[in-house]
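What the coordinates show
The primary structure of each chain is shown beneath.
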Amino acid sequence: QVQLVESGGGLVQAGGSLRLSCTASGNIFRINAMGWYRQAPGKQRELVATITNGGSTLSADSVKGRFTISRDSAKNTVYLEINSLAPEDTALYYCNLQARITRFSGSDSYWGQGTQVTVSS
């Protein structure tokens, strides 16, 4: 089984910073990509940023220049540095893992439970 454990969310004032972490564990043959999505109340889940096994990154336009995704491959961990937080960044942030659990399986998607980020004005 694959598990994702997220941490680092919290309540912060506008302009503040947070660092989210997500560690994957379990029977993982190969990680293809890890990333972060977020879902605000009443809205659909949206992409924040992803990073591939090769280190390529993709970020939503709304967070470019403020959010930075990085990874520690040895620890199966992905990080999201969040700066210049604004009230519209308030959401439940989910970690996503794209991985193969055996050499014969295709890539599957796994989700964490989410970590809440709340930004006060």
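The following paragraphs examine the structure supplied in this document.

**As for the pairing of strand β9 (residues 91-100)**
- With eight of 10 residues buried, β9 is to be regarded as a mostly interior element.
- Pairing analysis gives nine bridges linking strand β4 (residues 30-39) to β9, with the strands arranged antiparallel. In the strand pairing of β9, Arg30 is matched with Arg100.
- Pairing of β9 with strand β11 (residues 115-120) involves three bridges; the strand directions are antiparallel. For Leu92, the partnering residue across the bridge sits in β11 and is Gln116.

**Digging into the state of the cysteines**
- Going through the model one piece at a time under the given rule, you end up with one disulfide.
- Disulfide partner of Cys22: Cys95, at an S-S distance of 2.0 Å. Taking the sign of the S-S torsion, -85° for the link of Cys22 and Cys95, the bridge is left-handed. Taken together, the residues span a long stretch of sequence, with Cys22 in strand β3 (residues 18-26) and Cys95 in strand β9 at a distance of 73 residues.

**Some remarks on the pairing of strand β7 (residues 67-72)**
- In this sheet, strand β8 (residues 77-82) lies alongside β7 in antiparallel orientation, the contact comprising six bridges. Along β8, the bridge assignment pairs Phe67 with Ile82.
- Hairpin connection, β7 to β8: the antiparallel pair is bridged by four residues, and Asn76 has positive phi, about 50°.

**Description of the nonpolar core**
- The biggest cluster of nonpolar side chains holds 30 residues, and the ones touching the most others in it are Met34, Trp36, Leu80, Tyr93 and Leu97.
- At the level of secondary structure, the elements contributing two or more residues to this core comprise β1 (2-7), β3, β4, β5 (46-52), β7, β8, β9 and β11.
- It is β9 that provides the largest number of residues to this core, a total of five residues.
- Those residues in contact with Tyr93, other than ones at most four positions away along the chain, are Glu6, Leu20, Trp36, Tyr37, Arg38, Val48, Phe67, Leu80, Ile82, Gly114, Thr115 and Val117.

Rules of the game
Residues numbered from 1 in each chain as written. Predicted model: local features only at pLDDT ≥ 70, side-chain atom pairs only at ≥ 80, totals over all residues. Heavy atoms only, no water. Buried < 20%, exposed > 50% of the residue type's maximum accessible area, 1.4 Å probe, protein only. Helix = DSSP H or I, 4+ residues; strand = E, 2+ residues; numbered from the N terminus. Pairing = 2+ DSSP bridges. Disulfide = S-S within 2.5 Å. Core = buried A, V, L, I, M, F, W, Y, C linked by side-chain atoms within 4.5 Å. Contact = heavy atoms within 4.5 Å.

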